[in-house]
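Descriptive structure summary
Take a look at the letters that make up each chain.
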Amino acid sequence: MTKRVYNFYAGPATLPIEVLKKAQKELLNWENTGMSLMEISHRSKQYDAMHKEASSLVKELMGLSDEYKIIWLQGGASTQFWMVPLNLRIAGKPLEYVNTGTWSTKAIKEAKFYGDVKVVASSEDEKFSYIPKNVKFSDKAAYAHITGNNTIYGTEYSNWPKTSFDVPLVCDMSSNMMNKVIDSKIFGVIYAGAQKNIGPAGVTLVIVREDLLKRVPEETPTMQKWRTHSEKDSLFNTCPCWAIYICKLCLEYLKSIGGIPEIEKRNRQKAKILYNLIDKSDGFYKGHAQPDSRSLMNVTFRLQTEELEQKCVEEALKLNLIGLKGHRSVGGMRASIYNAMTIEGVNKLADFLTEFKENNR
Ligand code: PMP
């Protein structure tokens, strides 16, 4: 096989090799159509069947009831930062948010164009190193928004805030979609750019409780309404066919290995390997996130000096361990260990970090 690196980039991120091989095999002649999936009409019956299968796999894997609608959209999770308030606002009611980092801050900024935003809790006071506890949303809010996993700071909710049925909980799960078993009933809306945990860049998965599709007034531009896309099964206009197809292959793969319960087990094992290493390094590696808020997906840590961090990134690169430089707002290092990162990859990284510590302490 050609060279493959261990890819710890935060996204677009590594994909299961099984998925890439299947896509490669089917590239020139998809399902005996004599075309690649990139060339076939999104109105063809072959495409339609694949498209529906992708949506039904989302429902099956997440255990979603028929109350929930699956929408595949373009524009990234960033587009949902404004689609959420546009589709869910109710005149006179506050739009409530928890601010746990850069992506929450961006979501809050967009919501301000649509209504009165109330930030009910924030971890900005400690460099977004934790998830606020006992978050309370008011019963008067139009909706309650959280960022499930903070890709840059490496923090993640382990307990979800509670809201009433009338105050739908909206979660940006871009970097922790399907990384662990969740009780999906507690959410009104879940959205995620696919490119970290469920597929390639180019498509955003939006899961909406059906009753919420009615909130947006009819006199709203057509493409801006979730309702438009839901009513047409995300085929109102030309959808990102290729990205949806790769997501479908990823979802099939996830199902074949035992679904979300199995990937959760692996994700916990991977995270434990790295956090244990950090905790037992006598301060050589210092984790950014507070232990009870640690992300299963993005392990953020620092070394004593920036020079040492740079050296660590450079030496890792020589071993094909790539994408370990932290985001500029936190500095240091970040290992993104999404669903598709193997335990083998994490063990390689852990062996390298252990050796690097011995050689540089
Ligand atoms: N939310 C989170 C949690 C993210 O990590 C990102 C991307 N890194 C975004 C939103 C923005 O996603 P997109 O680039 O798909 O707009």
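Residues numbered from 1 in each chain as written. Predicted model: local features only at pLDDT ≥ 70, side-chain atom pairs only at ≥ 80, totals over all residues. Heavy atoms only, no water.

Moving on to the site of the ligand. Residues in close proximity to the ligand total 13 residues, the closest being Ser78, Thr151, Asp172, Gln195 and Lys196. Within the side chain of Thr151, a nitrogen or oxygen atom sits 2.5 Å from an oxygen atom of the ligand. Contact distances for the ligand include 3.0 Å between an oxygen atom and a side-chain N or O atom of Gln195. Protein contact buries 85% of the 400 Å² of open area that the ligand shows by itself. A total of 4 residues in the shell around the ligand trace back to one element, the largest contributor, which is helix H3 (residues 76-88). Each residue belonging to the shell around the ligand can be placed in one class, and the counts come to 3 nonpolar, 8 polar and 2 charged. (Near = heavy atom within 4 Å. Polar contact = N/O pair within 3.5 Å; in protein donor to acceptor, adjacent residues only side chain to side chain. Areas by Shrake-Rupley, 256 points an atom, 1.4 Å probe, with all protein chains shown as cover. Helix = DSSP H or I, 4+ residues; strand = E, 2+ residues; numbered from the N terminus. Nonpolar A, V, L, I, M, F, W, Y, C, P; charged D, E, K, R; others polar.)

A separate point is the sheet that holds strand S14 (residues 333-336). Pairing in this open sheet of 3 strands is antiparallel, and the strands run S11-S12-S14 from one edge to the other. Of all the strands in the sheet, the pair left with one neighbour each is strand S11 (286-287) and S14. Judged from the 2 bridges that link them, S11 and strand S12 (residues 298-302) form a sheet pairing that is antiparallel. Residue pairing in the sheet places Lys286 in a bridge with Arg302 of S12. (Pairing = 2+ DSSP bridges.)

A few words now on the pairing of strand S3 (residues 95-99). Along any regular strand the residues' side chains alternate between the sheet's two faces. The buried fraction of S3 is high, at 5 of 5 residues. Inspection of the sheet shows S3 paired to strand S4 (residues 117-122) by 5 bridges, in the parallel sense. Across the sheet, Asn99 pairs through a bridge with Ser122, a residue of S4. A crossover links S3 with its parallel partner S4, the connecting element being helix H4 (residues 102-111), and its sense is right-handed. Examined bridge by bridge, S3 and strand S5 (residues 143-147) share 3 bridges and lie parallel to one another. Each residue of the ladder has a partner; that of Glu96, found in S5, is Ala144. (Buried < 20%, exposed > 50% of the residue type's maximum accessible area, 1.4 Å probe, protein only. Right-handed = clockwise from strand over helix to strand, strands pointing away.)

Moving on to the pairing of S12. The buried fraction of S12 amounts to 4 of the 5 residues, a majority that puts the element mostly inside the structure. Across 4 bridges, S12 lies against S14 in antiparallel orientation. Residue pairing for S14: Asn298 is matched across the bridge by Ser336.

What follows deals with the packing of helix H7 (residues 259-279) against helix H9 (residues 343-360). Between H7 and H9, the shortest axis-to-axis distance is 10 Å and the interhelical angle comes to 0°. It follows from the interaxial angle that H7 and H9 lie roughly parallel. Seen from H7, the contacting residues are Arg266, Gln269, Lys270, Ile273, Leu274 and Leu277; seen from H9, they are Ile343, Val346, Asn347, Leu349, Ala350, Leu353 and Thr354. Grouping the amino acids of the contact of H7 with H9 by side-chain chemistry returns 8 nonpolar, 3 polar and 2 charged. (Axes fitted to C-alpha atoms, helices over the stretch in contact; angles between N-to-C directions. Parallel < 35°, antiparallel > 145°, perpendicular 65-115°, else oblique. Contact = heavy atoms within 4.5 Å.)

Before going further, it helps to examine the domain arrangement of the protein chain. In terms of domains, the protein chain is made up of domain 1 (18-256) and domain 2 (259-360). Domain 1 and domain 2 are separated by 27 Å when their C-alpha centres are compared. Listed by partner, the interface residues are 30 residues for domain 1 and 25 residues for domain 2. Both faces considered, domain 1 and domain 2 share a buried interface measuring about 2,100 Å² in area, 51% of it formed by carbon and sulfur atoms. Together, Ile152, Tyr153 and Asn179 form the three largest contributors to the area buried by domain 1 at its contact with domain 2, with a combined 22%. (Domains from an automatic or database assignment. Buried area = accessible area lost by both parts, 1.4 Å probe.)

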